[in-house]
Structures are given as structure tokens and as C-alpha cells.
Amino acid sequence: MKKKAMILDEGAIRRAITRISHEILEKNKGIDNLVLIGIHTRGIPIANRIAKQIEKIEGKAPMIGELDITLYRDDLSTIAKLPVLNGTKIDFDINDKKVILVDDVLYTGRTVRAALDALLDLGRPEFIQLMILVDRGHRELPIRADYVGKNVPTSQREIVKVNLKEIDGKDFVAIYEK
């Protein structure tokens, strides 16, 4: 793959997380009954960063959970004979909670659909909102994010790759040509 363009650098990611944290607090009138659930893999560190930013603002952080959607994917049979399960770690009841589902890139919407199925198997939240760092378009399902770090028009030949310090050693988002 050939790097085509840098979309977000470390500072831009930090500013997007800060802005989104404020938007979440404003839209939900604080953090009462608010929980963040990150989708494996990169949604989890993004959720952790949002929780830390919210704690700076409100003095208290929302609870955070980790969601593994592997077994809910509609392409499971095509990705691997033995899929790697990362495990869902949600140590709290999601019933009647305001759930913010967190992921890195929104593309076709299929990952979010799988995440919704997985969440609803765990309980019945008051509502679910979606936070995405990068929305690249090309939806195949009627799914839209409530909070977006950056909208980036792309072609289907391109790949948007989010790199985070916690996983990749450095923060940046870039577009690559297939």
C-alpha cells in the first residue's frame, strides 16, 4: 500500500477527542447514566481518551466497556476459519444506560450493525449513540454517527488507517491507495 495523504496528526486527534468529549457532555447533559463502549481494537483506546477528557471537565469519568463483535460479523466465514476472539469486557449493567459506542472508522456500517447486535444481546440501553473518529462514507446500511472527529470523502479503492500510540506507537490517520 502506498500512503496517499495524512488526514489527522497527533494534535488533530487530540483536538477532535476534546471537541467530541464536550459535545457528548452537552448532548447528554452531563455523565449521569452515561457509559462508553469501545469496539475492539482501536475503539477502546479512543473511548479511554474520551473518558479521561470527560473526567478533566466533569471531575468524574464515565464507565468504560470493551466490545468484541467478531462472532456478530456478517462476513465471519470469509475472514478466518478460526477467528481471534478478543473478549467483551463490560463489567456493568447496560440496561437503561446512555451508551456511547466508540470506533475508529465508519465505512459500510457493517461493524456498527454487528456492535448493535452484540450490545442488545447484553441488555436494553436507554439509547445508543455512535462516536467515530473518521467517517469515510460509502454506507451499505442506514447508519450515521452522532459524533465525528473528521469526515473524509474517499474512494472505495482507498484505505483509511488509524494509528494510535496505545497500539501502533504513534498517533495519526492516513489514507492509503490499495
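Residues numbered from 1 in each chain as written. Predicted model: local features only at pLDDT ≥ 70, side-chain atom pairs only at ≥ 80, totals over all residues. Heavy atoms only, no water.

- The name an unreviewed UniProt entry gives the chain is Bifunctional protein PyrR, with Garciella nitratireducens DSM 15102 as the organism.
- We quote the UniProt Sequence similarities (unreviewed entry) comment for the chain here in full: "Belongs to the purine/pyrimidine phosphoribosyltransferase family. PyrR subfamily."
- According to UniProt, the comment filed for the chain under the heading Catalytic activity (unreviewed entry) is "UMP + diphosphate = 5-phospho-alpha-D-ribose 1-diphosphate + uracil". (UniProt positions renumbered as here; feature names shortened; annotations may be inferred.)

1. Let's talk about the environment of D104
Here is step 1: Considering the arrangement of structural elements, one finds D104 in strand β4 (residues 98-106).
Here is step 2: The spatial distance from the C-alpha of D104 to the C-alpha of G43 is 5.5 Å, given a sequence separation of 61 residues.
Here is step 3: When neighbours within four sequence positions are excluded, D104 is seen to be in contact with R42, I46, I132, L133, V134 and V162. (Helix = DSSP H or I, 4+ residues; strand = E, 2+ residues; numbered from the N terminus. Contact = heavy atoms within 4.5 Å.)

2. Here we look at unusual backbone geometry
Here is step 1: Here the residue pair H40 and T41 is connected by a cis peptide bond, since its omega of 10° sits within 30 degrees of zero.
Here is step 2: Examined against the element boundaries, T41 turns out to sit in the loop between β2 (34-39) and α2 (43-58).
Here is step 3: The residue D96 is not glycine, and still its phi comes out positive at about 60°.
Here is step 4: When you line up the elements, D96 lands in the loop between α3 (76-79) and β4.

3. Observations regarding the nonpolar core
Proteins that are soluble and globular tend to have nonpolar side chains buried together.
Here is step 1: Judged by nonpolar contacts, the single largest core of 30 residues is most densely connected at I50 and V173.
Here is step 2: Going through the elements one at a time, β1 (2-8), α1 (10-28), β2, α2, β4, β5 (127-135), β7 (158-163) and β8 (172-177) are the ones with two or more residues in this core.
Here is step 3: Among the elements that make up this core, the one with the highest residue count is α1 (seven residues).
Here is step 4: In this structure, I39, V99, L106 and V112 belong to the second largest nonpolar core, which totals 21 residues. (Core = buried A, V, L, I, M, F, W, Y, C linked by side-chain atoms within 4.5 Å. Buried < 20%, exposed > 50% of the residue type's maximum accessible area, 1.4 Å probe, protein only.)

4. A short note on the packing of aromatic side chains
Here is step 1: Scanning the entire structure with this criterion turns up zero aromatic pairs.
Here is step 2: In this arrangement the basic side chain of K27 is found over the ring face of Y147, its NZ or CZ atom lying 5.5 Å from the centre. (Phe/Tyr/Trp six-rings, centres within 6.5 Å; stacked < 30°, edge-to-face > 60°. Lys NZ or Arg CZ within 6 Å of the ring centre and 35° of its normal.)

5. Digging into α1
Residue pairs spaced three or four apart in an α-helix point in one direction, given the helix's 3.6 residues per turn.
Here is step 1: Relative to the 27 Å expected for 19 residues at 1.5 Å per residue, α1 spans 27 Å between its end C-alpha atoms, a close match to the ideal helical length.
Here is step 2: Among all positions of α1, only G11, A12, I13, A16, I17, I20, S21, I24, L25 and N28 are buried.
Here is step 3: Regarding α1, its N-cap is D9, as a side-chain oxygen of that residue lies 3.2 Å from the backbone nitrogen of G11 further along.
Here is step 4: Of the residues trailing α1, K29 is marked for its positive phi of about 55°. (Expected span 1.5 Å × (residues − 1). Polar contact = N/O pair within 3.5 Å; in protein donor to acceptor, adjacent residues only side chain to side chain.)

6. As for the UniProt feature "short sequence motif: PRPP-binding" (unreviewed entry) in the chain
Here is step 1: Summarizing the sequence annotation, UniProt attributes the feature "short sequence motif: PRPP-binding" (unreviewed entry) to residues 99-111 in the numbering used throughout.
Here is step 2: In residues 99-111, the share of helix is 15% and the share of strand is 62%. The end C-alpha atoms are 16 Å apart.

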